[in-house]
Amino acid sequence: RAPARSHARARAHTMQRLARGASFALRARPSRAQTRRFVTSAAATAPRKPSTSGRGRPDGGRRAQSSSADVVQRQRRNFDGEQSANLEDARRSALTRVVVARGKANMFLDGNPIVYAGAIERVEGEARTGDWVQVTDHALSPICYGFYNETSSYSVRALSQAWERGCEDGDGVVAQRIREAYELRRDLGLVGNERTTCYRLLNSEGDKISGLNADVYGEIVVASSTAAWVEQRRDVILRAFADVLGANTKVVWRRDEKMYEVEGTPWEGENLIDYYDAATGAKVGEAVPSDVKVLEDGVQYAIDIAGGHKTGFYVDQRDNRKVMREIARGKRVLDVCCYTGGFALNAALGGASDVVAVDSSESALDMARKNAELNGVQDKVNFVRADAFDFMQAEIDAGRAGSYDVVVLDPPKFAPTKPALKKAIPKYVGLNKRAMTLLRPGGILITCSCSGAVTQERLLPKIVENASRASGVSATMLSIRGAGCDQPIDPAYAFGEYLSVVTARIA
């Protein structure tokens, strides 16, 4: 599973290549030729037959577009009276100006929050890492405001467009972004929800606060910092958390050591993880919690914030786990790469006749067993420590092909970067092929990828199609989903997408 900070490292790798100065356009979907280039067919030696999933279509049978730019032309941005006045005020700003080269402005006008080094023509004035600056086009027309970094390829992380109000005060913008993110979760029904006490509060670029992710677990916030400016303005961020969540809020502050090095500000402190009182900014005189109890749609979970993956729990799969509970009644379910048991627990609570949950981590399984006990389903789930590939192959070799009604695959990130796809795709195909073999005719496959490179290229449906051909079965796509609505995506920043979840009927 890929933590949010790993996605940031993958984006940094990509942006470093972009920083060499090449102009590019973000596309919503790859062309068919691009998709074929990335997907390695596992059925090269098998007879090819028609697939019900729409062969050649990267979105699994739905009508595909080779590129959004081919169909939807970019529209010129219009401004109302207040926005025009704000732009005029921005022209008189005394802030340091970061001037992008001719022909580079449109992507930032459209809202892309990362101003990479190769797009910059010059800097007018003095600017050090962490300074709040204004970004302009080559003619000095204001575009956006953000935090500057003098050493990173992420030269400016923009948090505000120039036509917004109050852009001159960077700390004020940070507090405003956190309040807006909180209000969105409140409007989504997550704040004050007695059945769900954990959710994503900040989703980095998706909430226009690049470099910071934060998950809420009751009265504890786990913040993941991947940018120099975030560390420098920790006190501002902590106060903003207290303002929206309450004075009793505690914050676990996680630093991404590798991203800090990429940012040119290696962490030299004593700990990569610290525990703070949000209201005072002081460190809490106790250890980071390793057993926090939360609810998700009424299901109880124990969260290991101190030592767990990501921020301790995969809040991104909430909606997909709920689907499992809805379809599980009377079925035999296999949950592969179960981590702390999210899908398995929901299957058991949904009335599954039998649930097998597999993971290679004993510590994850210990937590999963504890979660099963919390929900009273410890006798309904059989937890097995094993490698995912080895377990499924052993089941097949033991003559248990076709013995499961539902199989869930939620593997770790096989493709941390785009170049890794060549080796990763055969792994995804092989994993899905084994799952399909274990399913009865008409069984349901729920397969996931948390690799941004797979999701951004819309490859998972194609992987499922290839695996079905290699298995001699057909796949009907039932849904293609991603993370929950508390993890918004900025359409101007495609790199924010990382999770794909395909549900398919296998026959």
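Refer to the preceding data block for the structure.
Worth saying up front: this structure is predicted, and the values here are computed from it rather than measured.

Draft legend 1. Quick look at the overall build of the chain. Summing up its helical and strand segments, the chain has 16 helices and 20 strands in all. Relative to its full complement of 507 residues, the chain shows a buried share of 56%. A separation threshold of at least 6 residues defines the contact pool for the chain, and within that pool the share at least 24 residues apart is 67%.

Draft legend 2. Spatial organisation of the sheet that holds strand E15 (residues 354-359). Pairing is mixed across the open sheet formed by 7 strands, whose spatial order is E16-E15-E14-E17-E18-E20-E19. Single-partner strands in this sheet number two, and they are strand E16 (381-385) and strand E19 (475-481). Pairs of neighbouring strands in the sheet enclose a mean axial angle of 15 degrees, with direction left out of account. Relative to E16, E15 runs parallel, the two being bridged by 5 bridges.

Draft legend 3. Structural view of empty space enclosed by the protein. Evaluation of the coordinates by the stated rule reveals 4 cavities of 30 Å³ or more. Residue lining of the largest cavity: Phe313, Tyr314, Arg321, Asp335, Cys337, Cys338, Tyr339, Thr340, Gly342, Phe343 and Asp410, and that is the complete set. For the lining of the largest cavity, the per-class residue count stands at 6 nonpolar, 2 polar and 3 charged. Estimated volume of the second largest cavity: approximately 50 Å³. What lines the second largest cavity is Thr129, Gly130, Phe147, Tyr148, Asn149, Tyr154, Ser155, Arg157, Ala228, Trp229 and Glu263. Where the lining of the second largest cavity is concerned, the elements lending two or more residues are strand E5 (142-148), strand E6 (154-161) and helix H7 (228-232). Broken down by element, the residue count for the lining of the second largest cavity peaks at 3 residues, all from E6. Of the residues that constitute the lining of the second largest cavity, the class distribution is 5 nonpolar, 4 polar and 2 charged.

Draft legend 4. Seen up close, the sheet that holds strand E7 (residues 198-203). Spatial strand order, E7-E8-E9-E10-E11: 5 strands in an open sheet with mixed pairing. Either end of the sheet is taken by a strand with one partner, and the two such strands are E7 and strand E11 (273-277). Averaged over all adjacent pairs, the angle separating strand axes in this sheet is 20 degrees, with direction ignored. Two strands pair when backbone bridges link them, and E7 and strand E8 (residues 212-217) are joined in this way by 5 bridges, in the antiparallel orientation. When the bridges of E8 are listed, Asn203 appears paired with Asn213.

Draft legend 5. How the structure looks around the pairing of E11. Taking burial as the measure, the 5 residues of E11 include 4 buried ones, the bulk of the element. Direction of pairing for strand E10 (residues 250-255) relative to E11: antiparallel, over a ladder of 5 bridges. Residue pairing across strands places Lys250 opposite Asp277, the latter belonging to E11.

Draft legend 6. Molecular detail of the nonpolar core. Ranked by internal contacts, the top residues of the largest apolar core, which has 43 residues, are Tyr217, Ile303, Ile305, Met324 and Val355. Here this core takes 5 residues from helix H11 (residues 342-349), the largest share from any one element. Dropping the residues within four chain positions of it, Val355 is found in contact with Val333, Ala344, Ala347, Ala348, Lys380, Val381 and Asn382. If you look at the next biggest cluster of nonpolar residues, it comprises 39 residues, including Trp132, Val221, Ala227 and Tyr260.

Draft legend 7. Local environment of the environment of Pro416. Structurally, Pro416 can be placed in the loop between strand E17 (404-409) and helix H14 (421-438). For Pro416, a relative accessible area of 39% puts it in the partly exposed group.

Draft legend 8. Structural context of the pattern of salt bridges. All told, the structure shown has 35 salt bridges when counted by the stated rule. For Arg385, the salt bridge is made with Glu362, and the minimal N-O distance between the two is 3.9 Å. Pair noted here: Arg385 is in strand E16 and Glu362 is in helix H12 (residues 362-374), with a separation of 23 residues, a long-range link. Given the relative accessible area of 29%, Glu362 is considered partly exposed. A salt bridge links Glu465 to Arg469; the shortest N-O distance between them is 2.9 Å. Taken together, the positions of Glu465 and Arg469, both in helix H16 (residues 460-471) and 4 residues apart, correspond to about one turn of that helix. Taken individually, Glu465 and Arg469 each receive the classification buried, so the pair is uniform in this respect. One continuous salt-bridge network, built from bridges that share partners, spans Glu231, Arg234, Arg255, Asp274 and Lys283.

Rules and cut-offs
Residues numbered from 1 in each chain as written. Predicted model: local features only at pLDDT ≥ 70, side-chain atom pairs only at ≥ 80, totals over all residues. Heavy atoms only, no water. Helix = DSSP H or I, 4+ residues; strand = E, 2+ residues; numbered from the N terminus. Buried < 20%, exposed > 50% of the residue type's maximum accessible area, 1.4 Å probe, protein only. Contact = heavy atoms within 4.5 Å. Pairing = 2+ DSSP bridges. Axes fitted to C-alpha atoms, helices over the stretch in contact; angles between N-to-C directions. 1 Å grid on protein atoms, 1.4 Å probe; cavity = no way out; pocket = protein on both sides within 12 Å on 5 of 7 lines; lining within 4 Å. Points joined across faces, edges and corners; volume = space filled by probe spheres on them. Nonpolar A, V, L, I, M, F, W, Y, C, P; charged D, E, K, R; others polar. Core = buried A, V, L, I, M, F, W, Y, C linked by side-chain atoms within 4.5 Å. Salt bridge = Lys/Arg side-chain N within 4 Å of Asp/Glu carboxyl O.

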